[in-house]
Amino acid sequence: MMTGQCLCGGVAFEVSARPGPVALCHCSQCRRASGSAFMATCPVQSAYFSYQRGESLVREFASSPGKYRAFCSECGSPLYSRTDAIPGILRLRVGALDHPFGQPPAYHVFTGSMADWDGITDDLPQYEKLERTNDPH
């Protein structure tokens, strides 16, 4: 069981199954949503995700057709994203988890649109575009 919350603590959630691999996304939308060089995300089946408090504070923004980014309406913390193309899967924002879950990043994605001021200094696989059909990134 993993727990997480937004910055203000108004939204809290639990994840009752181990998430999939952690991706570091460098796309322009993730950079804007996180205010950073990349966003760390991991897939989890929505059936294993539940709110402990604050569900009414969660808002979803349609960042592109069929893609929704969820955040706390009080503090703006990103919580997850989801797509119509892969129903039942949430891309959990790893930074919202309360504790590390012992799963290092597996790969970088959308490195083709990486910020020119960013640099990748590890040996993880890099994908210029989304190449994983089961990854709703």
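Residues numbered from 1 in each chain as written. Predicted model: local features only at pLDDT ≥ 70, side-chain atom pairs only at ≥ 80, totals over all residues. Heavy atoms only, no water.

**Here we look at the nonpolar core**
To keep it simple, the criterion reads: Side-chain atoms within 4.5 Å are what join buried Ala, Val, Leu, Ile, Met, Phe, Trp, Tyr and Cys residues into a set we call a nonpolar core. Only protein chains enter the accessibility calculation, which uses a 1.4 Å probe; a residue whose area is less than 20% of its type maximum is buried, one above 50% is exposed, and one in between is partly exposed. Only DSSP runs of H or I covering at least 4 residues are called helices, and only runs of E covering at least 2 are called strands; the numbering of each starts at the N terminus.
In this structure, Phe 13, Val 15, Phe 49, Leu 79, Tyr 80 and Leu 92 are the most contacted members of the largest nonpolar core, which totals 20 residues. Among the secondary structure elements, those contributing two or more residues to this core are strand 2 (12-15), strand 3 (22-25), strand 4 (39-45), strand 7 (67-72), strand 8 (78-83) and strand 9 (89-93). Listed in part, the seven residues of the second largest apolar core include Ala 23, Cys 30, Met 39 and Val 109.

**Concerning the pairing of strand 2**
To keep things clear, this is the line we draw: Strands were regarded as paired on the criterion that DSSP finds at least two bridges between them.
As judged from the four bridges shared by strand 1 (residues 2-5) and strand 2, these two strands associate in the antiparallel manner. Bridging from a neighbouring strand, Gly 4 pairs with Phe 13 of strand 2. The antiparallel pairing of strand 1 with strand 2 creates a hairpin that spans six residues between the two strands, and Gly 9 there sits at a positive phi of about 85°. As paired strands, strand 2 and strand 5 (residues 49-53) are joined by four bridges and run antiparallel to one another.

**Some details on the sheet that holds strand 4**
An order of 6-7-8-9-4-3-10-11 is seen for the eight strands of this open sheet, with the pairing classed as mixed. Looking along the sheet, the strands with just one partner apiece sit at the ends: strand 6 (58-64) and strand 11 (126-127). Pairing geometry for strand 3 and strand 4, over three bridges, is antiparallel. Residue pairing for strand 4: Cys 25 is matched across the bridge by Met 39.

**Focus: the packing of aromatic side chains**
We count it as follows: Pairing of aromatic side chains requires ring centres within 6.5 Å, counting the rings of Phe and Tyr and the six-membered ring of Trp. Pairs whose planes differ by under 30 degrees are stacked, by over 60 edge-to-face, and all others tilted.
Under the defined criterion, the tally for this structure stands at four aromatic pairs. Considering the side-chain rings of Phe 49 and Tyr 51, the 5.1 Å spacing of their centres and the 90° angle between planes classify their relative orientation as edge-to-face. Phe 49 sits in the buried class, given a relative accessible area of 11%. Ring centres 5.7 Å apart and planes at 70° place the aromatic pair Phe 49 and Tyr 80 in the edge-to-face group. Separated by 31 residues along the polypeptide, Phe 49 in strand 5 and Tyr 80 in strand 8 bring together distant segments of the chain. A single burial state applies to Phe 49 and to Tyr 80, both of which are buried. Taken together, the aromatic side chains of Phe 13, Phe 49, Tyr 51 and Tyr 80 make up a single cluster linked through ring pairs.

**Section: the UniProt feature "domain: CENP-V/GFA" (unreviewed entry) in the protein chain**
Stated precisely, the cut-off is as follows: UniProt positions are given in the numbering used here, feature names are shortened, and annotations may be inferred rather than shown by experiment.
The positions that UniProt labels "domain: CENP-V/GFA" (unreviewed entry) are, in the present scheme, residues 2-128. Taken as a whole, residues 2-128 contains 6% helix and 43% strand, while its terminal C-alpha atoms sit 31 Å from one another.

**Some remarks on the pairing of strand 3**
What you see with strand 3 is no split at all: Val 22 and Leu 24 on one side and Ala 23 and Cys 25 on the other are buried throughout. Relative to strand 10 (residues 105-109), strand 3 is paired through four bridges, and the arrangement is parallel. Its bridge partner lying in strand 10, Cys 25 is registered against Val 109.

**Digging into the environment of Leu 57**
So the rule is basically this: Only heavy atoms matter for contacts: two residues are in contact if any of them lie within 4.5 Å across the pair.
Here Leu 57 shows up in the loop between strand 5 and strand 6. A relative accessible area of 21% means that Leu 57 is categorised as partly exposed. For the pair Leu 57 and Leu 24, spaced 33 residues apart in sequence, the C-alpha to C-alpha distance is 26 Å. If sequence neighbours within four positions are ignored, Leu 57 has contacts with Gly 10, Val 11, Phe 71, Cys 72, Ser 73 and Glu 74.

**Remarks on the state of the cysteines**
Quick note on the threshold: Two cysteine sulfurs form what is called a disulfide whenever their separation falls within 2.5 Å.
A full pass over the atoms with the stated rule returns zero disulfides. No disulfide involves Cys 42; its sulfur sits 13 Å from that of Cys 30, the nearest cysteine. Classification of Cys 42 as buried rests on a relative accessible area of 0%.

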